[in-house]
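Here's the letter readout for the chains.
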Amino acid sequence: MDGLVYINLNWGITILTQTATGILGNSSLLCLYNFTFITAQRLRPTDLVLTQLVLANNLVIVSKGIPQTMAAFGLKSFLEEAGCKVVFCLHRVARGVTLSTTCLLSGFQAMKLCPSVSLWMELKIKSSKCIVFCCFLCWILHLVLNISVVKHVTGPTNNKNMSMEKMYRYCSSPTLGRLVFSVSAVIFLVTDVMFWGLMVWTSSFMVLFLYRHKQQVQHIHSSRLSPRANYETRATCIILILVSMFVSFHALSGMLSFWITQIQNPIPWLINTSSLISSGFPAFSPFVFIFSDTRKG
C-alpha cells in the first residue's frame, strides 16, 4: 500500500509539473499577443491563429492535466456527471482545435512561400476576416464532431465494464455498440487523416523551400539576403518544428490510447504515461515560440 501511494504521489507531482509548465508557457504567450493587440503594435496576419493555438493548448492542459493530477493523488470522485461532460467536451474540442490550428499555421506559411500564389490569395491570407472565419470554423467543426460522443459520458462508477475509465479515471462511459463505435471511429479517423495529410503536404513543400534556400545562400553571402527572406526562413523552420512535435506526440499518444483500450485492466503507469504524452504538445509547444523570438522580423 505504501508503495502504491508513493507511485501515485510521484505521478501526481510529475503531471502537476507538466500542467503548471504548460499553463505558464501558454499564458505568457497569450498575454504577449493580447498586449500587442491592445497597444496597437504591428500585428502579423497569423497572430490570431497563434493566439487560438495557445488558447486551445491551455484548455487541453486545464481540462486534462488538472483532473488527471487530482486522480493521481487519489481523488477519483470529484466530478459529477455534468462536470464530466463539460471537462470531456472541453478537452476533446480543444484537442481537435490544436490539430486544425497547427494545420492552418502550416498551410498559411506554405502559401506565403509559394511564388505562384495569386495576389488575390495573398490578400485573403492577410485578411483578418478570412483568418477569423477559419478560426471560428475550427471550433464549430470539432464541437459538432464531439457533441454526439459527450452524451455518453457519465460520472465515475465502480463498474469494471466502463470503457472510458481506462483513459479518464475521473469519468466513465458504457461500452458503445459496435455500429455506433464504428461510425464514430470512421468520422474521427477521416477528420484526423485529412488534417494530417494537409500538414504532411505543406511541410514537404516547406522542406523543399528550405533546401532550395540553402542552395541559394551557398552562392550569395548571407548579409546580402533581404531581411524578408531571412524572416520567412526562420518562420518556416519554427512551423516545421511545431508540426514535427505535433505529429510525434499525437502519433505516440494515439498508439498508447489504442493499446489501453485493448487491455481489460490497464496498469496505472500506462494510463499516466498516456496522459503525459497526450499533453506533451500543448505543454511544450509555446516554448518553441518563446525561445525562437518569433516577434522579430
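Note that this is a predicted model, so its numbers are computed, not measured.

The next thing to look at is the overall build of the protein. Helix and strand content of the protein: 9 helices and 0 strands. Ordered by position in the sequence, the α and β elements of the protein form the string α-α-α-α-α-α-α-α-α. Within the protein, the proportion of its 297 residues that are buried is 43%. In the protein, once contacts between residues fewer than 6 apart in sequence are set aside, the share between residues at least 24 apart is 80%. Carbon together with sulfur atoms contributes 70% to the accessible area of the protein, which is approximately 16,100 Å² in total.

So, about the packing of helix α2 (residues 47-72) against helix α3 (residues 81-113). In the contact formed by α2 and α3, the axes pass within 8 Å of each other and the chain directions differ by 150°. Classified by the angle their axes make, α2 and α3 are roughly antiparallel. The chirality of how α2 crosses α3 is left-handed. Mapping the contact onto sequence places Val49, Leu50, Gln52, Leu53, Ala56, Asn57, Leu59, Val60, Ser63, Lys64 and Pro67 in α2 and Val87, Leu90, His91, Ala94, Arg95, Val97, Thr98, Thr101, Thr102, Leu104, Leu105 and Phe108 in α3.

At a closest axis distance of 9 Å, the pairing of α2 and helix α9 (residues 280-292) adopts a crossing angle of 150°. The chirality of how α2 crosses α9 is left-handed. Listed contacts from α9 to Leu50, Leu53, Asn57, Val60 and Ile61 of α2 are Phe281, Pro282, Ala283, Ser285, Pro286 and Phe289.

To continue, consider helix α8 (residues 268-278). For α8, a buried count of 9 out of 11 residues is recorded, marking the element as mostly surrounded by other parts of the structure. Looking only at α8, the buried set comprises Leu270, Ile271, Asn272, Thr273, Ser274, Ser275, Leu276, Ile277 and Ser278.

To continue, consider the UniProt feature "transmembrane region" (unreviewed entry) in the protein. With numbering matched to this structure, UniProt assigns "transmembrane region" (unreviewed entry) to residues 12-35, 130-150, 179-211, 231-249 and 269-291. Along residues 12-35 one finds 100% helix and 0% strand; the C-alpha atoms at either end are 34 Å apart. Between the C-alpha atoms that bound residues 130-150 the distance is 30 Å, and the span itself is 100% helix and 0% strand.

Secondary-structure assignment places Thr51 in helix α2. Apart from residues lying up to four places away in sequence, Thr51 is in contact with Leu30 and Tyr33.

About the criteria used
Residues numbered from 1 in each chain as written. Predicted model: local features only at pLDDT ≥ 70, side-chain atom pairs only at ≥ 80, totals over all residues. Heavy atoms only, no water. Helix = DSSP H or I, 4+ residues; strand = E, 2+ residues; numbered from the N terminus. Buried < 20%, exposed > 50% of the residue type's maximum accessible area, 1.4 Å probe, protein only. Contact = heavy atoms within 4.5 Å. Areas by Shrake-Rupley, 256 points an atom, 1.4 Å probe, with all protein chains shown as cover. Axes fitted to C-alpha atoms, helices over the stretch in contact; angles between N-to-C directions. Parallel < 35°, antiparallel > 145°, perpendicular 65-115°, else oblique. Left-handed = near helix turned anticlockwise from the far one by under 90°. UniProt positions renumbered as here; feature names shortened; annotations may be inferred.

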